[in-house]
Amino acid sequence: MKKIAVVMGSISDWPTMKLTTDLLDQLKLPYERHIISAHRMPVQLQEFGQTAADQGFGVIIAGAGGAAHLPGMLAANTVLPVIGVPIESHALHGMDSLLSIVQMPSGVPVATTAIGNSGAKNAALLAAEMLAITEPTVTKSLKAFRAHQTQEAINSEQQF
C-alpha cells in the first residue's frame, strides 16, 4: 500500500496537522511526517517533491499558514495528488493561507480543504478516498468510519 506524506511548513503547524495523523491512525493508513519549509528549505522541498513517488508515497497532505507556498510548491515538483490544508493564522484567521493554497495557476492543481481543524481531518479522509481507488482495504476502513460516524449522530439525537 502506498504511504501518505504529511508535510508541514513548521512545528507550529503540528497541533492542526496532528488531527490529520490521528485520523490516519484511526483508519490504519501508513504515513510519514515531515517538516519542510517552502521558504527556508527550498532545495529540500524540491528534492522531496521530485522523489516522493519513488519513496512509496501515493498522496501528499501539506499544511501551511500565512503565505502558504508549501502545497503549491510540492505540487509543482510531483505528479502525485497534493492536498493543501490552510493553517489558521493569527493575522487573518487563515484566510491568507486559504487563498494562497486555493489560487493555484492552471496546470498545477492542489486539492484544498477548509481552514484549520476541519480541513486537517478532511485531508486525511480525502487522501484515504484517493488510495481507496486501488486499495479495497482502505475502502473497507472508510465504510467502517462512515458507519461509526452515522451511529454517533443517531446516538446523540436519541440523547437529545
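Calculation rules
Residues numbered from 1 in each chain as written. Predicted model: local features only at pLDDT ≥ 70, side-chain atom pairs only at ≥ 80, totals over all residues. Heavy atoms only, no water. UniProt positions renumbered as here; feature names shortened; annotations may be inferred. Helix = DSSP H or I, 4+ residues; strand = E, 2+ residues; numbered from the N terminus. 1 Å grid on protein atoms, 1.4 Å probe; cavity = no way out; pocket = protein on both sides within 12 Å on 5 of 7 lines; lining within 4 Å. Buried < 20%, exposed > 50% of the residue type's maximum accessible area, 1.4 Å probe, protein only. Contact = heavy atoms within 4.5 Å. Pairing = 2+ DSSP bridges. Right-handed = clockwise from strand over helix to strand, strands pointing away.

- For the chain, an unreviewed UniProt entry supplies the name N5-carboxyaminoimidazole ribonucleotide mutase and the organism Paucilactobacillus vaccinostercus DSM 20634.
- What UniProt records for the chain under Catalytic activity (unreviewed entry) is the sentence "5-carboxyamino-1-(5-phospho-D-ribosyl)imidazole + H(+) = 5-amino-1-(5-phospho-D-ribosyl)imidazole-4-carboxylate".
- Comment text from UniProt for the chain, heading Pathway (unreviewed entry), reads "Purine metabolism; IMP biosynthesis via de novo pathway; 5-amino-1-(5-phospho-D-ribosyl)imidazole-4-carboxylate from 5-amino-1-(5-phospho-D-ribosyl)imidazole (N5-CAIR route): step 2/2."

## Considerations on unusual backbone geometry
No. 1: Of note in this structure, Lys 28 is not a glycine but carries a positive phi near 60°.
No. 2: In this structure, Lys 28 sits in the loop between α1 (14-26) and β2 (31-35).

## Details of the UniProt feature "binding site: substrate" (unreviewed entry) in the chain
No. 1: Using the residue numbers shown here, the UniProt feature "binding site: substrate" (unreviewed entry) corresponds to Ser 10, Asp 13 and Arg 40. When the annotated set is filtered for residues lining the largest pocket, what remains is Ser 10, Asp 13 and Arg 40.
No. 2: Tracing the backbone through its elements, the reader meets Asp 13 in the loop between β1 (3-8) and α1.
No. 3: With relative accessibility at 6%, the residue Asp 13 sits in the buried group.
No. 4: If sequence neighbours within four positions are ignored, Asp 13 has contacts with Met 8, Gly 63, Ala 64, Gly 65 and Ile 87.
No. 5: Within the secondary structure, Arg 40 sits in the loop between β2 and α2 (42-51).
No. 6: Arg 40 gets classed as exposed once you look at its relative accessible area, which sits at 63%.
No. 7: Each residue touching Arg 40, except ones within four places of it in the same chain, is listed here: Gly 9 and Ser 10.

## Here we look at the side chain of Ser 89
No. 1: The topology assignment puts Ser 89 in the loop between β4 (82-86) and α4 (95-102).
No. 2: For Ser 89, a relative accessible area of 14% translates into the label buried.
No. 3: Sequence-distant contacts of Ser 89, that is, excluding residues within four places in its chain, are made with Gly 66, Gly 94, Asp 96 and Ser 97.

## Considering the pairing of β2
No. 1: Inspection of the sheet shows β1 paired to β2 by 5 bridges, in the parallel sense. Directly across from Val 7, in β2, lies its bridge partner His 34.
No. 2: Viewed along the sheet, the connection from β1 through α1 into β2 turns out right-handed.

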